[in-house]
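# Analysis of the macromolecular model
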Amino acid sequence: NAGVTQTPKFRILKIGQSMTLQCAQDMNHNYMYWYRQDPGMGLKLIYYSVGAGITDKGEVPNGYNVSRSTTEDFPLRLELAAPSQTSVYFCASSSDTPVGQVFEAFFGQGTRLTVV
Amino acid sequence: ELKVEQNPLFLSMQEGKNYTIYCNYSTTSDRLYWYRQDPGKSLESLFVLLSNGAVKQEGRLMASLDTKARLSTLHITAAVHDLSATYFCAVDRLNYGGSQGNLIFGKGTKLSVKP
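Notes on the structure in this doc start here. (Residues numbered from 1 in each chain as written. Chains lettered and ligands numbered in written order. Predicted model: local features only at pLDDT ≥ 70, side-chain atom pairs only at ≥ 80, totals over all residues. Heavy atoms only, no water.)

### A word on the overall build of chain A
- When helices and strands are tallied, chain A shows 0 helices and 11 strands.
- Counting from the amino terminus, helix and strand elements in chain A follow one another as β-β-β-β-β-β-β-β-β-β-β.
- Expected size for 116 residues packed as a compact globule is a radius of gyration near 13 Å; at 14 Å, chain A falls within 12% of this value.
- Here chain A, with 116 residues, has 44% of them falling under the buried criterion. (Helix = DSSP H or I, 4+ residues; strand = E, 2+ residues; numbered from the N terminus. Rg over C-alpha atoms; globule rule 2.2 N^0.38 Å. Buried < 20%, exposed > 50% of the residue type's maximum accessible area, 1.4 Å probe, protein only.)

Here is the structure:
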C-alpha cells in the first residue's frame, strides 16, 4: 500500500546545480501535483498534470520543469538551483472519480531540499 | 485574488481547554479541506467539507463550513498533547478551471498543547 512515494527525502545542492525530484504513485490516479512549502507557510502549487502527456503551470512554476510520460510518474526538474528554491517539496495525486462525493488529494512524504 | 486566511497562526493551549481555529477564504468553492501536519512529516487529511452547513467530527476535533460567510472552523475540545501539530485548511480551484487536488492553502495554525 505504497500510495505516493517521493525520492530522495533530503538533498543539498550547490547553486547552479540541477536535479530531479522523483514522484511515483500506485493508485492509478490521473491527477498529480507538485507543491512547495516554505517555512511557516502553506503549500503552493508548482505544476500539475491531469494525465500522461499533459502538464500545466501552477502558482510558482519559475525555475522548474515537469514531464508526465506515464500515469505513475511525475518527476520535477530543477535546472539551475538557486537559494530561493530551498524548500520542502510535496508530490500529491488524486483521482478524477469521486469516492463518496470526495475528490481527495494524497500526499507523499516530502523532499527537503537545501540550496547553498 | 484567490486567498485562504487562517487565524490564529500560533496557538498555545493548556490541556483540557477548548479553542477554535478560523479559516476564511475568498473563492466560491463549496469544498473545504482540513489537514494536519506533524513536524517533518507529510499532510494527513482530517476532514473534507462538501456543502454549506456541513459538520464533521473526529475525536476531539470538529469542523464546520459556512459557504455563505466563506468561513470554516476547526474546534478543539478538551485539548490533549497529542493534538500538537500544524493544521492547514485549503480550498480547491474546481470553480476556476483547476482540478480537485489543485488546492490553495492557508498558512497553517501551529498548535501547541501544554500539560
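### Things to note about the layout of surface pockets
- If you add up the space inside the largest pocket, you get close to 720 Å³.
- When contributions to the lining of the largest pocket are tallied by element, the ones reaching two or more residues are β9 (87-94) and β11 (111-115) of chain A together with β9 (85-92) and β11 (109-114) of chain B.
- Among the elements that line the lining of the largest pocket, the one with the most residues is β11(A), at 4 residues.
- Class assignment of the residues belonging to the lining of the largest pocket gives a composition of 12 nonpolar, 14 polar and 7 charged.
- Of the volumes computed, that of the second largest pocket is approximately 280 Å³. (1 Å grid on protein atoms, 1.4 Å probe; cavity = no way out; pocket = protein on both sides within 12 Å on 5 of 7 lines; lining within 4 Å. Points joined across faces, edges and corners; volume = space filled by probe spheres on them. Nonpolar A, V, L, I, M, F, W, Y, C, P; charged D, E, K, R; others polar.)

### Examining the interface of chain B and chain A
- Contacts between chain B and chain A engage 20 residues on the former and 25 residues on the latter.
- Between chain B and chain A, a total of about 1,800 Å² is buried, with carbon and sulfur atoms accounting for 57% of that surface.
- Taken together, the connections running from chain B to chain A amount to 0 salt bridges.
- Applying the counting criterion to the chain B and chain A interface returns 3 residue pairs in polar contact (both at pLDDT 80 or more).
- Broken down by class, the residue content of the side of chain B that touches chain A amounts to 8 nonpolar, 9 polar and 3 charged. (Contact = heavy atoms within 4.5 Å. Buried area = accessible area lost by both parts, 1.4 Å probe. Salt bridge = Lys/Arg side-chain N within 4 Å of Asp/Glu carboxyl O. Polar contact = N/O pair within 3.5 Å; in protein donor to acceptor, adjacent residues only side chain to side chain.)

### Regarding the sheet that holds strand β7 (residues 64-66) of chain A
Residue and element names in this part refer to chain A.
- An order of β1-β3-β8-β7 is seen for the 4 strands of this open sheet, with the pairing classed as antiparallel. Edge positions in the sheet fall to β1 (4-7) and β7, since each has one partner strand and no second. Going from strand to strand, the sheet's axes swing by 20° on average, the running direction of each strand aside.
- Where strand β3 (residues 19-25) and strand β8 (residues 76-78) come together, 3 bridges link them in antiparallel fashion. Bridging across to β8, Thr20 finds its partner in Arg77. (Pairing = 2+ DSSP bridges. Axes fitted to C-alpha atoms, helices over the stretch in contact; angles between N-to-C directions.)

### Notes on unusual backbone geometry
- Backbone torsion omega between A:Thr7 and A:Pro8 reads -5°, so that peptide bond is classified as cis.
- Along the chain, B:Asn7 connects to B:Pro8 via a cis peptide bond; the corresponding omega equals 0°.
- Tracing the backbone shows B:Pro8 in the loop between β1 (4-7) and β2 (10-14).
- Positive phi is not limited to glycine here, since B:Arg70 has a value of about 55°.
- Within the element layout of this structure, B:Arg70 appears in the loop between β7 (61-66) and β8 (71-76).
- For B:Ala78, which is not glycine, the phi torsion reads 50° and is therefore positive.

### Some words on the pairing of strand β4 (residues 32-37) of chain B
All names here are of chain B.
- Here β4 lies mainly inside the structure; 6 of its 6 residues are buried.
- Covered by surrounding structure in β4 are Leu32, Trp34 and Arg36 together with Tyr33, Tyr35 and Gln37, the residues of both alternating faces.
- The pairing of β4 with strand β5 (residues 43-49) spans 6 bridges and is classified as antiparallel. Looking across to β5, one finds that Tyr35 is bridged to Ser45.

### A closer look at the side chain of B:Asp92
- Mapped onto the elements of the fold, B:Asp92 is located in strand β9.
- There is a polar contact of 3.0 Å between the side chain of B:Asp92 and the side chain of B:Tyr33.

### As for the sheet that holds strand β6 (residues 55-58) of chain B
Residues and elements named next belong to chain B.
- Ordered by their spatial adjacency, 5 strands build an open sheet running β1-β3-β8-β7-β6, and the pairing between neighbours is antiparallel. Edge positions in the sheet fall to β1 and β6, since each of these pairs with one other strand and no more. On average, each strand axis in the sheet is tilted by 15° relative to the strand beside it, whichever way the strands run.
- Bridging between β6 and β7 involves 4 bridges; their strand directions are antiparallel. The residue bridging Lys56 from the neighbouring strand is Ala63, located in β7.

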